[in-house]
Amino acid sequence: LGGGLTYDMNPKLKGSGVVGGLDVKFDDALGMVLQADYLIGQSMAVGVRYTNVKYEVQGGTGASAKSGGIGGTFSYRF
């Protein structure tokens, strides 16, 4: 089990197609990461990772966006 911080620099949101005019820039953002791994034998591990970040729109408008995600991990040590 573990946890830590993530720091996203110069995040942007751009659209295409129907939302082609979408172009939003955000301030740098600090978020959190949580991860749990399960060791298989001496050299392999599988796990899950969760991230959570809140982005504030540049310019002090007060608008924000939240991002959270979950994913799987695999590692092999040799």
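One can find the structure itself at the top, above this paragraph.
Summary of the structure given here.

**A closer look at the sheet that holds strand β5 (residues 44-56)**
Thought 1: The four strands lie next to each other as β1-β4-β5-β6, forming an open sheet whose pairing is antiparallel. With partners counted over all chains shown, the strands left at the sheet margins are β1 (2-8) and β6 (64-76), one partner each. Across the sheet, the mean angle separating the axes of adjacent strands is 20° when strand polarity is ignored.
Thought 2: Where β1 meets strand β4 (residues 29-40), seven bridges bridge the pair, whose relative direction is antiparallel.

**Here's the deal with the pattern of salt bridges**
Thought 1: Throughout the structure, instances matching the rule amount to one salt bridge.
Thought 2: Between Lys54 and Glu56 there is a salt bridge, and its shortest N-O distance comes to 3.8 Å.

**Observations regarding a nonpolar patch on the surface**
Thought 1: A grouping of Tyr38, Ile40, Met44, Val46, Phe74, Tyr76 and Phe78 is seen on the molecular surface, where their side chains present a nonpolar patch of about 840 Å² in accessible area.
Thought 2: Going through the elements one at a time, β4, β5 and β6 are the ones with two or more residues in the nonpolar patch.
Thought 3: Looking at where Met44 falls in the secondary structure, it is placed in strand β5.
Thought 4: You can call Met44 partly exposed: its relative accessible area is 32%.

**Digging into the packing of aromatic side chains**
Thought 1: Evaluation of the coordinates by the stated rule reveals two aromatic pairs.
Thought 2: Relative to Tyr55, the ring of Phe26 has its centre 5.7 Å away and its plane inclined at 55°; by these criteria the two rings are tilted. Of this pair, Phe26 sits in the loop between β3 (23-25) and β4 while Tyr55 sits in strand β5; the two residues are 29 residues apart in sequence, bridging distant segments of the chain.
Thought 3: The class of Tyr55 is buried, set by a relative accessible area of 14%.

**Here's the deal with the nonpolar core**
Thought 1: Among the nonpolar cores identified, the biggest contains five residues, and these are Phe26, Ala29, Val53, Tyr55 and Val57.
Thought 2: Beyond its immediate chain neighbours, meaning those up to four positions away, Ala29 contacts Thr6, Tyr7, Asp8, Val53, Lys54 and Tyr55.

**Here we look at the environment of Tyr50**
Thought 1: By secondary structure assignment, the location of Tyr50 is in strand β5.
Thought 2: Judged by relative accessible area, Tyr50 falls into the partly exposed class, the value being 30%.
Thought 3: Within the local environment of Tyr50, its side chain forms a polar contact with the side chain of Asn52, the two groups lying 2.9 Å apart.

**Some remarks on unusual backbone geometry**
Thought 1: We note that Asn10 has phi near 55°; this positive angle belongs to a residue other than glycine.
Thought 2: Within the secondary structure, Asn10 sits in the loop between β1 and β2 (12-14).
Thought 3: With a relative accessible area of 45%, Asn10 lands in the partly exposed category.

Basis of the calculations
Residues numbered from 1 in each chain as written. Predicted model: local features only at pLDDT ≥ 70, side-chain atom pairs only at ≥ 80, totals over all residues. Heavy atoms only, no water. Pairing = 2+ DSSP bridges. Helix = DSSP H or I, 4+ residues; strand = E, 2+ residues; numbered from the N terminus. Axes fitted to C-alpha atoms, helices over the stretch in contact; angles between N-to-C directions. Salt bridge = Lys/Arg side-chain N within 4 Å of Asp/Glu carboxyl O. Patch = residues over 30% accessible without salt bridge, like charges linked within 9 Å, V, L, I, M, F, W, Y side chains within 5 Å. Areas by Shrake-Rupley, 256 points an atom, 1.4 Å probe, with all protein chains shown as cover. Buried < 20%, exposed > 50% of the residue type's maximum accessible area, 1.4 Å probe, protein only. Phe/Tyr/Trp six-rings, centres within 6.5 Å; stacked < 30°, edge-to-face > 60°. Core = buried A, V, L, I, M, F, W, Y, C linked by side-chain atoms within 4.5 Å. Contact = heavy atoms within 4.5 Å. Polar contact = N/O pair within 3.5 Å; in protein donor to acceptor, adjacent residues only side chain to side chain.

These results come straight from atomic positions and should not be treated as a statement about function.
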